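Analysis of the macromolecular model
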Amino acid sequence: MADPVDYSLLDAPASHVVDTARGLLGWQLEANGVRVAITEVEAYAGVGEDPASHSHRGPTERSSVMFGPAGVLYVYFVFGMHWCMNVTAGHEGEAAAVLLRAGKVIGGVELARSRRGPVADRELARGPARLSVALGIDGSANRTSLLDGTGPARLIPAAAVPPATIRSGPRVGVAAAHDVPWRFWLDGEPSVSAYRRHTPRRRTGTPGTSDTPGTRRTS
DNA sequence: ACGCAGATAATCT
DNA sequence: GATTATCTGCGTG
C-alpha cells in the first residue's frame, strides 16, 4: 500500500502563512506531465493585514478562493496575458496564499520545453507566469484541489530543506508593502527569478488631460 | 549587468 | 477609468 501523504504543513492557521511558504520550498508539483521542485515562493496574508494581497479588502469573486481550505489552487490572470499559481493556506474562513514563483523541472523536461520554446533548462519555470506555462496550467485549473487528485495538479511533500539554504527578501513587483520580506528562495538555485522592483505605469488615458506639466508622454 | 517601454485584458473602485 | 503578485525586447554601460 502507498504511504499516506503527509500534508500536515498545510494544516496551519493563516497567521502562519510565512512558515507555510518556507515549508513549501523543496516540495514538488506535478501537472500535465511535468514535475518541478519548488525553488521560490511568496507569502500573502489576509484581510487588513497585507496591502499587497488580493484578499486585503475582503473576499471578491476572484479572491474568495483564498478564504477556503488550504491546498487548493488559486490561479489568477494578470497584465492581460499571464497566469500565476498559488497554493491556498490557512484554515477555512481565513485568507492566505503562497505564490509559486519558480521551480526546477525534474520530470517531463521535453514537454516543458515544447510549451516554453527553446530556452535554457533553468529558464523553463523561472518566474510565476513561466512556471504556469511549463506546467500547462491556466484559469481552468483555478479552485481545484492540489491534494486529492481531482484536479490537474498535485502537490508532493518532501523533507524540509536545511533552514540555512533559505534566503528571503522583498516580494517581486508589488506596489504596496514593498519592504515586507515575504519572498523565500533556495540559495544558489539558478531557477530563481530575478528581483524586480515595482515599476509604476505611466498614465494610460487620453493625452491632453489638463495641467501637470511634469507628465510627458513619449514624444 | 540594469533600466525602461510596450503588450494586453480581467478585476475592482 | 485606474490598476496590475509579468514577460520580452531593446537600449545603454
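The rules behind these values
- Residues numbered from 1 in each chain as written.
- Chains lettered and ligands numbered in written order.
- Predicted model: local features only at pLDDT ≥ 70, side-chain atom pairs only at ≥ 80, totals over all residues.
- Heavy atoms only, no water.
- Helix = DSSP H or I, 4+ residues; strand = E, 2+ residues; numbered from the N terminus.
- Rg over C-alpha atoms; globule rule 2.2 N^0.38 Å.
- Buried < 20%, exposed > 50% of the residue type's maximum accessible area, 1.4 Å probe, protein only.
- Contact = heavy atoms within 4.5 Å.
- Salt bridge = Lys/Arg side-chain N within 4 Å of Asp/Glu carboxyl O.
- Near = heavy atom within 4 Å.
- Polar contact = N/O pair within 3.5 Å; in protein donor to acceptor, adjacent residues only side chain to side chain.
- Nonpolar A, V, L, I, M, F, W, Y, C, P; charged D, E, K, R; others polar.
- Pairing = 2+ DSSP bridges.

**Overview of the overall build of chain A**
Scanning chain A for helices and strands turns up three helices and eight strands. Mapped from its N terminus to its C terminus, chain A presents α and β elements in the order α-β-β-β-β-β-α-α-β-β-β. Computed over its C-alpha atoms, the radius of gyration of chain A comes to 18 Å, within 12% of the 17 Å expected for a compact globule of 219 residues. Counting only C-alpha atoms, chain A reaches 70 × 45 × 35 Å along its principal axes. Counting only residues that meet the buried cut, chain A has 43% of its 219 residues in that class. In chain A, 58% of the contacts between residues at least 6 apart in sequence involve partners at least 24 apart.

**Thoughts on the pattern of salt bridges**
By the definition in use, this model includes eleven salt bridges. Across the pair E42 and R101 runs a salt bridge whose closest N-O atoms are separated by 3.7 Å. Within this pair, whereas E42 is found in strand β2 (residues 34-44), its partner R101 is found in strand β5 (residues 97-107), the two being separated by 59 residues in sequence. A relative accessible area of 0% means that E42 is categorised as buried. For R101, a relative accessible area of 7% puts it in the buried group. Among the charged side chains, a salt-bridge network with shared partners connects E40, E42, R101 and R183.

**Let's talk about the protein's contact with DNA strand C**
What surrounds DNA strand C is a group of 23 residues, the closest being Y76, H82, N86, R130 and R196. Counting only the atoms of DNA strand C that lie within 4 Å of the protein, the sugar and phosphate share comes to 50%. Measuring from a base nitrogen of DNA strand C, one finds a side-chain N or O atom of H54 at 3.2 Å. The backbone of P128 places a nitrogen or oxygen atom 3.3 Å from a phosphate oxygen of DNA strand C. Only β4 (82-88), β5 and α3 (128-135) provide two or more residues apiece to the surface near DNA strand C. Across the surface near DNA strand C, the residue classes break down as twelve nonpolar, six polar and five charged.

**Quick word on the pairing of β5**
Of all eleven residues that make up β5, nine are buried, and the element is covered over most of its length. As paired strands, β2 and β5 are joined by nine bridges and run antiparallel to one another. Looking at β5, one finds that V41 is bridged to L100. Taken together, the three bridges between β4 and β5 define a ladder with antiparallel strand orientation. By the bridge assignment, V87 is partnered in β5 with V98.

**Examining α3**
Of all eight residues making up α3, six are buried, and the element is well covered by its neighbours. When we look at burial in α3, the residues that qualify are P128, A129, L131, S132, A134 and L135. If you follow the buried residues of α3, they end up packed against β1 (28-31), β2, β4, β5 and α2 (109-116).

Note that every value here comes from positions in space, so none of it alone points to a role or purpose.
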